[in-house]
Amino acid sequence: MKYNALKGVEDILPPDIFLWQRAETVAKAFFSRYGFSEIRLPIIESTDIFIRSIGESTDIVGKEMYTFPDKAGRSITLRPEGTASAVRCYVEHGLNNLPSPQKFFYTGPMFRYERPQKGRQRQFYQIGAEAFGSEHPSIDAEMIVMLNNLLSELGLKEVEFELNSIGCEECRPAYKASLTDFFRNRLDEYCPDCKNRFSTNPLRILDCKVEHCIELRQGAPSVTDHLCADCRAHFDELLLRLGLMNIKYTLNPNLVRGLDYYTRTAFEVTSQHLGAQKAVAGGGRYDKLVKEFGGPDTPAIGFAIGMERLIALLKDSETAAAPVPKVFIAALGEEADRQAAVIAEGLRRQGTWAELNYAASSLKSQLRKADRLGAEYAFIIGDNELKDGIMQWKNLKTGEQGQCSLKEPASVFNK
RNA sequence: GUGGGUGUAGCUCAAUGGUAGAGCGCUGGACUGUGGCUCCAGUUGUUGCGGGUUCGAUCCCCGUCAUCCACCCCA
């Protein structure tokens, strides 16, 4: 084998592809039911778009972007996520002039230059949804409910919804200040990573996994105790509505999302069956981002589902059933082979999946192939049948056999 | 970027310091025009790559590449 796919980049083949297709079909059905329209976004964008939205200090921007100059020397980046493009698109096309909220979904590959591991690759697929133009908690609740319902429709069990509010630009600075005061006292006792986080993103210290850091941070101030009245009311209303719709969730005051643009509601769907990268979906509010992109002050919220992780969970409980041909036509002899092709074409025009052998071989091996393909029926044509204008048919599940006219092969299974 | 594990047939894996085998798969036959079950036969390898030690390396050592898992970080 001479060539390999690039590191962290995978081919998706049958039978897995059937799970992907099912997941996408179900997701789209839910999106349309909740009024989300598809948008198709470009895979490449101007690099600034990501720096501006995701944030200069994040790992994504700092070390994970596929960035390169195009032939005119512009800096181009393969999108590491979808929200930035969606916001750019919303502002660029003046979609704020349409009735609010505007609700969209998108799907496609994202790219991050990272070391691959379980549940993480350099090219990975997301299905994302974004809603622009409402700050009301009802839209937060609706998106979380939609996500919950579509995941459970797909049969996902043992997933957990984790929820938090990380405040707004009113209350977050004060919280951050009291948090850094808390950490500063014993900063030298934290792990090296946390010392870094202290200056880059102190909220992150809250979900460090190092034992000693976990002890040290006992008693650290909690975001939810520092929310301003508006954020508090927003979060309470969201929780109330989720309760009304019987959505189970856990509050996780340590849930911090990695991208700079998040405000208020933050949530993640996690599973213990995924390895270290356990989030199958994540999202939150980004009320300042549209304005940051030069649009009107427009609140917004979105989430993204990690497709590979979703598929991994689906594979725990089901195998993808490959579709099977309705008919396999076995032909014996050159003239029969020609007629078989004509009959197959007739069936296909009626929308029936018909397979041929594409080679001269024994009836036995042709039937073996029909069986391996999982065909429901085998049709058999040889010289004897041609002479009489008929075919033998055989139901490969029941073994039942009979004859039919060459002209009406579909009559065998359209009874 | 850091740490650890693993590289042998299409796939899953054995094996020995004396140049490799099984199961599955695939092809054919037993059954001259009837699949699945059974039996029989056939089929595939530069043992990831380069170097070193050795009379001799798939095995030991070094390097390299790939891959997996974890850290960082994220979907």
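Here the structure is a predicted model, which is why all the values come from computation and not from measurement.

A. Spatial organisation of the overall build of chain A. Within chain A one finds 14 helices and 16 strands. Taken along its principal axes, the extent of the C-alpha atoms in chain A is 95 × 50 × 50 Å. Counting the 415 residues in chain A, one finds 48% classified as buried. For chain A, contacts bridging at least 24 residues in sequence account for 68% of all contacts bridging at least 6. Element-wise, carbon and sulfur atoms account for 50% of the exposed surface of chain A, whose accessible area totals about 21100 Å².

B. Region of the structure containing the protein's contact with RNA strand B. Close to RNA strand B lie 48 residues, the nearest being R112, R120, R197, R204 and G258. Looking at RNA strand B alone, sugar and phosphate atoms form 52% of those within 4 Å of the protein. With respect to RNA strand B, the side chain of Q126 contributes an N or O atom lying 2.9 Å from a sugar or linking oxygen. Between RNA strand B and the protein, one listed contact pairs a base nitrogen with a backbone N or O atom of L396 at 2.5 Å. When contributions to the surface near RNA strand B are tallied by element, the ones reaching two or more residues are α3 (59-63), β6 (123-132), α7 (192-200), β10 (279-285), α13 (363-373), α14 (383-388) and β15 (390-395). A per-element tally of the surface near RNA strand B places α13 first, with 7 residues.

C. Structural view of the packing of helix α2 (residues 47-54) against helix α4 (residues 83-92). Orientation of α2 relative to α4, taken along the N-to-C sense of each, is 105°, at an axis distance of 9 Å. Judged on the interaxial angle alone, α4 and α2 are roughly perpendicular. Taken together, the residues of α4 that come into contact with α2 (itself represented by I49, F50 and S53) are A84, S85 and R88. Of the residues assigned to the contact of α2 with α4, the class counts are 3 nonpolar, 2 polar and 1 charged.

D. Quick look at the nonpolar core. Formed by 49 residues in total, the largest nonpolar core has its most connected members in F31, F36, L147, F303 and L310. With 9 residues, the top contributor of residues to this core is helix α5 (residues 137-153). Counting 28 residues, the second largest nonpolar core, distinct from the first, contains A86, F132, Y286 and F293.

E. A look at the pairing of strand β9 (residues 263-271). Counting buried positions over the 9 residues of β9 gives 9, a clear majority of the element. In this sheet, β9 lies alongside strand β7 (residues 159-165) in antiparallel orientation, the contact comprising 7 bridges. Looking at β9, one finds that E162 is bridged to E268. In terms of strand pairing, β9 meets β10 through 6 bridges, oriented antiparallel. Among the inter-strand pairings, T270 is bridged to a residue of β10, identified as A279.

F. Quick look at α4. With respect to burial, α4 is a largely interior element, 8 of its 10 residues being buried. Taken together, the buried positions of α4 are T83, A84, S85, A86, V87, R88, C89 and Y90. Along its buried surface, α4 packs onto β2 (44-46), α2, β5 (102-111), β6 and α10 (289-292). Just beyond α4, the residue with positive phi is G94, at close to 60°.

G. Representation of the domain arrangement of chain A. Considered domain by domain, chain A is made up of domain 1 (16-171 + 227-317) and domain 2 (327-412). Computed from C-alpha coordinates alone, the two centres of domain 1 and domain 2 are separated by 50 Å.

H. Here's a closer look at unusual backbone geometry. Here the bond from P14 into P15 is cis, since omega is 5°, no more than 30 degrees from zero. Locating P15 in the fold gives a position in the segment before α1 (16-33). Note the cis peptide between S100 and P101, where omega equals -5°. Checked against the element boundaries, P101 lands in the loop between α4 and β5. Positive phi outside glycine occurs at E158, with the angle close to 55°. When you line up the elements, E158 lands in the loop between α5 and β7.

I. Seen up close, the sheet that holds β15. Pairing in this open sheet of 5 strands is mixed, and the strands run β13-β12-β14-β15-β16 from one edge to the other. Two strands bound the open sheet, and with one partner strand each, they are β13 (354-356) and β16 (401-405). The average undirected angle you get between the axes of adjacent strands in this sheet is 30°. Note that strand β14 (residues 377-381) and β15 share 4 bridges and pair antiparallel. Looking across to β15, one finds that A378 is bridged to K394. Of the strands in this sheet, β12 (327-331), β13 and β14 are in contact with α13, which crosses β12 at around 170°.

J. Representation of a nonpolar patch on the surface in the model. A cluster of nonpolar residues, I43, I44 and F68, forms a patch on the protein surface that exposes about 240 Å² of accessible area. Within the secondary structure, I43 sits in the loop between β1 (37-38) and β2.

K. Looking closely at the pattern of salt bridges. Going through the model one piece at a time under the given rule, you end up with 25 salt bridges. Its salt-bridge partner being K315, residue D16 comes within 3.0 Å of it at the nearest N-O pair. Linking D16 in helix α1 with K315 in helix α11 (residues 307-317), this pair joins segments that are 299 residues apart in sequence. Under the relative-accessibility criterion, K315 is labelled partly exposed at 43%.

Rules of the game
- Residues numbered from 1 in each chain as written.
- Chains lettered and ligands numbered in written order.
- Predicted model: local features only at pLDDT ≥ 70, side-chain atom pairs only at ≥ 80, totals over all residues.
- Heavy atoms only, no water.
- Helix = DSSP H or I, 4+ residues; strand = E, 2+ residues; numbered from the N terminus.
- Buried < 20%, exposed > 50% of the residue type's maximum accessible area, 1.4 Å probe, protein only.
- Contact = heavy atoms within 4.5 Å.
- Areas by Shrake-Rupley, 256 points an atom, 1.4 Å probe, with all protein chains shown as cover.
- Near = heavy atom within 4 Å.
- Polar contact = N/O pair within 3.5 Å; in protein donor to acceptor, adjacent residues only side chain to side chain.
- Axes fitted to C-alpha atoms, helices over the stretch in contact; angles between N-to-C directions.
- Parallel < 35°, antiparallel > 145°, perpendicular 65-115°, else oblique.
- Nonpolar A, V, L, I, M, F, W, Y, C, P; charged D, E, K, R; others polar.
- Core = buried A, V, L, I, M, F, W, Y, C linked by side-chain atoms within 4.5 Å.
- Pairing = 2+ DSSP bridges.
- Domains from an automatic or database assignment.
- Patch = residues over 30% accessible without salt bridge, like charges linked within 9 Å, V, L, I, M, F, W, Y side chains within 5 Å.
- Salt bridge = Lys/Arg side-chain N within 4 Å of Asp/Glu carboxyl O.

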